[in-house]
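# Per-entry structural report
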Amino acid sequence: MTKISKILLFGLALLSFGIAAAAEANAYVIFVSNEKDDTVSVVDSASLKVIKTIDVGHRPRGIIITPDHKTIVVCLGDDGQIAMIDANTFKVTRKLDSGSDPELLNISPDGKILYVANEDDSLVTIMDFATGNTIEEVPIGVEPEGMAVSPDGRIVVATSESTSMAHFIDTKTYKVLANILVDSRPRYAVFTADGSKVWVTSEVGGSVSIIDAKTYKILNVIRFAIPGVRPELISPVGITFTKDGKRAFISLGKANRLAVVDTSNYNVIDYVLVGQRPWHTELSPDGSTLYSANGETNDITVVDVASLRPLKSVPVGRLPWGLAIRP
Amino acid sequence: MPRMISKSKAKTLLAILSLACATGFCLSPAGAAPKTKFWNTTGDTIVKFELAPAGTTNWGPDQCKNDRDDSVDDDERLTITNVPTGTYDARMTYKDGGVCLAKSVKVVEGKIFSLEKKDLTNCTKP
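Residues numbered from 1 in each chain as written. Chains lettered and ligands numbered in written order. Predicted model: local features only at pLDDT ≥ 70, side-chain atom pairs only at ≥ 80, totals over all residues.

### Quick notes on the overall build of chain A
- Regarding its fold elements, chain A presents 1 helix and 28 strands.
- Dimensions of chain A along its principal axes, counting C-alpha atoms only, are 80 × 50 × 35 Å.
- A total of 327 residues make up chain A; the buried ones form 51% of that total.
- A fraction of 42% describes how many contacts in chain A between residues 6 or more apart in sequence connect residues 24 or more apart. (Helix = DSSP H or I, 4+ residues; strand = E, 2+ residues; numbered from the N terminus. Buried ≥ 20, exposed ≤ 12 C-beta atoms within 10 Å, placed from the backbone. Contact = placed C-beta atoms within 7 Å.)

### Some remarks on the overall build of chain B
- On a plain count of helices and strands, chain B comes out with 1 helix and 7 strands.
- Listing each helix as α and each strand as β along chain B from the N terminus yields α-β-β-β-β-β-β-β.
- The buried share of chain B, reckoned over its 126 residues, is 21%.
- For chain B, the share of sequence-separated contacts (at least 6 apart) that also reach a separation of at least 24 residues comes to 57%.

### Considering the nonpolar core
- Core analysis: the biggest nonpolar cluster contains 90 residues, and Val74(A), Leu105(A) and Val124(A) have the highest contact counts within it.
- With near-sequence residues (within four places) excluded, Val74(A) lies in contact with Ser33(A), Val40(A), Val56(A), Pro60(A), Ile63(A), Ile82(A), Ala83(A) and Ile85(A).
- By size, the runner-up hydrophobic cluster in this structure holds 14 residues, among which are Phe38(B), Ile46(B), Val72(B) and Met92(B). (Core = buried A, V, L, I, M, F, W, Y, C linked by C-beta atoms within 7 Å.)

### Considerations on the sheet that holds strand E4 (residues 86-94) of chain B
Residue and element names in this part refer to chain B.
- Across the sheet, 4 strands lie side by side as E2-E4-E5-E7; this open sheet has antiparallel pairing. Bordering the open sheet on either side are strand E2 (46-53) and strand E7 (121-124), each of which pairs with just one other strand. Each neighbouring strand pair of the sheet contributes to a mean axis angle of 25 degrees, computed without reference to strand direction.
- Here strand E5 (residues 99-107) pairs with E7 via 2 bridges, running antiparallel. (Pairing = 2+ DSSP bridges. Axes fitted to C-alpha atoms, helices over the stretch in contact; angles between N-to-C directions.)

### Things to note about the confidence of the model for chain B
All names here are of chain B.
- Within chain B, residue pLDDT values average 84, and 75% of them lie at 70 or more.
- Counting interchain partners and residues more than four positions distant, the pLDDT-below-50 stretch residues 1-5 has 1 contact.
- In this model, residues 21-30 is a region of pLDDT below 50 whose contacts with residues beyond four sequence positions or in other chains number 12 contacts. (pLDDT = per-residue confidence, 0-100.)

### Focus on the environment of Gly55(B)
Residues and elements named next belong to chain B.
- With respect to the helices and strands, the residue Gly-55 is situated in the loop between E2 and strand E3 (77-80).
- Judged by C-beta crowding, with 11 C-beta atoms within 10 Å, Gly-55 ranks as exposed.
- Put simply, Gly-55 and Ser-104 are 49 residues apart on the chain and 8.0 Å apart in space, counted from C-alpha to C-alpha.

### Notes on the pairing of strand E3 (residues 49-55) of chain A
Residue and element names in this part refer to chain A.
- Examined bridge by bridge, strand E2 (residues 39-44) and E3 share 6 bridges and lie antiparallel to one another. Residue pairing for E3: Val-40 is matched across the bridge by Ile-54.
- Linking E2 back to E3 in an antiparallel pair, the connection comprises 4 residues, with Leu-48 at a positive phi of about 55 degrees.

### Quick look at the sheet that holds strand E14 (residues 165-170) of chain A
Residues and elements named next belong to chain A.
- Ordered by their spatial adjacency, 4 strands build an open sheet running E12-E13-E14-E15, and the pairing between neighbours is antiparallel. The open sheet has two edge strands with one neighbour each: strand E12 (144-149) and strand E15 (176-181). On average, each strand axis in the sheet is inclined to that of its neighbour by 20 degrees, with strand direction left out of account.
- Direction of pairing for E14 relative to E15: antiparallel, over a ladder of 5 bridges. Along E15, the bridge assignment pairs Ala-166 with Ile-180.

### Structural notes on the confidence of the model for chain A
- Summary statistics for chain A give a mean pLDDT of 94 and a share of 92% for residues scoring 70 or more.
- In the predicted structure, residues 17-23 of chain A sits below a pLDDT of 50 and forms 1 contact with residues beyond four places in sequence or in another chain.

### As for the environment of Asp62(B)
Residues and elements named next belong to chain B.
- Checked against the element boundaries, Asp-62 lands in the loop between E2 and E3.
- Each C-alpha atom of the pair Asp-62 and Phe-49 lies 5.3 Å from the other, and the pair is 13 residues apart in sequence.
- Not counting chain neighbours up to four residues away, the residues in contact with Asp-62 comprise Lys-48, Phe-49 and Glu-50.

### Thoughts on the environment of Lys312(A)
Residues and elements named next belong to chain A.
- When you line up the elements, Lys-312 lands in strand E27 (residues 309-315).
- Residues Lys-312 and Val-237 lie 75 residues apart in sequence; the distance between their C-alpha atoms is 22 Å.
- If near-sequence neighbours (up to four positions away) are discounted, Lys-312 is found in contact with Leu-48 and Val-302.

### Notes on unusual backbone geometry
- A positive phi angle, near 65 degrees, is found at Tyr266(A), a position not held by glycine.
- For Tyr266(A), the location among the structural elements is in the loop between strand E22 (257-262) and strand E23 (268-273).

### What to know about the pairing of strand E10 (residues 123-128) of chain A
All names here are of chain A.
- Of all 6 residues that make up E10, 5 are buried, and the element is covered over most of its length.
- Examined bridge by bridge, strand E9 (residues 113-118) and E10 share 6 bridges and lie antiparallel to one another. Counterpart to Tyr-115 in the pairing with E10 is Ile-126.
- Taken together, the 5 bridges between E10 and strand E11 (residues 134-139) define a ladder with antiparallel strand orientation. Each residue of the ladder has a partner; that of Val-124, found in E11, is Val-138.
- In this structure, the hairpin formed by E10 and E11 is closed by a connection of 5 residues, where Gly-132 is found at a positive phi of approximately 80 degrees.

Pasting the structure below:
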């Protein structure tokens, strides 16, 4: 081997090492709550393999990561508890009594306060994250589910499935500021990044309502039509905005697709075919990849955000429901 | 002449009533015994759910009547009443009119039992 060949070979080896190291540095971990297996699957983003299955408690659904990325918090519907998982060691570190049938939860931007939707009790339970103590219980409509926190932490929006309302709650006084009627069975709520609007999905109504966060007026209602799919199968649930806020991915449940919506004009740009009954989605830390938890196919679909193409299906536990990602 | 109310007003009224119910009168009493529940994971909405002692056709009352909207959607729970612990056959009528059976379903009072698509037999199409 000539000297030049050796130098070239060494350079190539160095380059490969650099690429591998960069991939490793960009790797992150995806946590998926498996409603029927009572577990949380931990998926490595680089290999797209399940690297750990955590026995967490009964009927895990709502799942979030704390703002400091240290803890995964999961609702355990059949235990009346929420579980804390160390995001690095994957161990369950503690469980808090949260009231009956917690379904979805959220956390204040400073990571100090948890907001839990208690489906059976028609309550929002407000808890201190550090102590686990209940600070307040706020009665709202029947079967609370969606739980959004405004970017400034001042307002929480909870949705009630049976009452078909979005309830705006002041996080200082715990008073309900407004009850906004939306289409049937609202399941999820999320604020836009600037806090000016709240998007609410209605599963039975088949729509997404856009509510002005100050005036509480419904600004727009997005509806969906997919050629060859019966309208009653279109059942919107989860919402994820892209990092730049220009698009929203709406999980359409029994329609087995994600709708991609242009947030500037609320037009549907495309539908992405994923696994069966997608519940919720989550974006990778760099915003380039979206993951969809698909309840009936027991998998997550990996979607390329730029091309809107589904890339791969990754098997997880039974009835995957929610996702959280640790950078 | 009777005064008619519009559909939207009726919808608002219903929502207000259920909200009032939620905040005042519909909370479960503390210490109540856990309810027996059916977890529908069969993939479709059931509008009639009956149980009979296994191997018989002595169908009990429609348990969907226990639900607020007389049905149980996929991945939703239905409260089962007046059914003691035992083994039962279940008969499910779906929203589209199809009927399916599930044989030898174990029901334990105060616990949750679930049925999946693979548990269904003798399905008849509408």
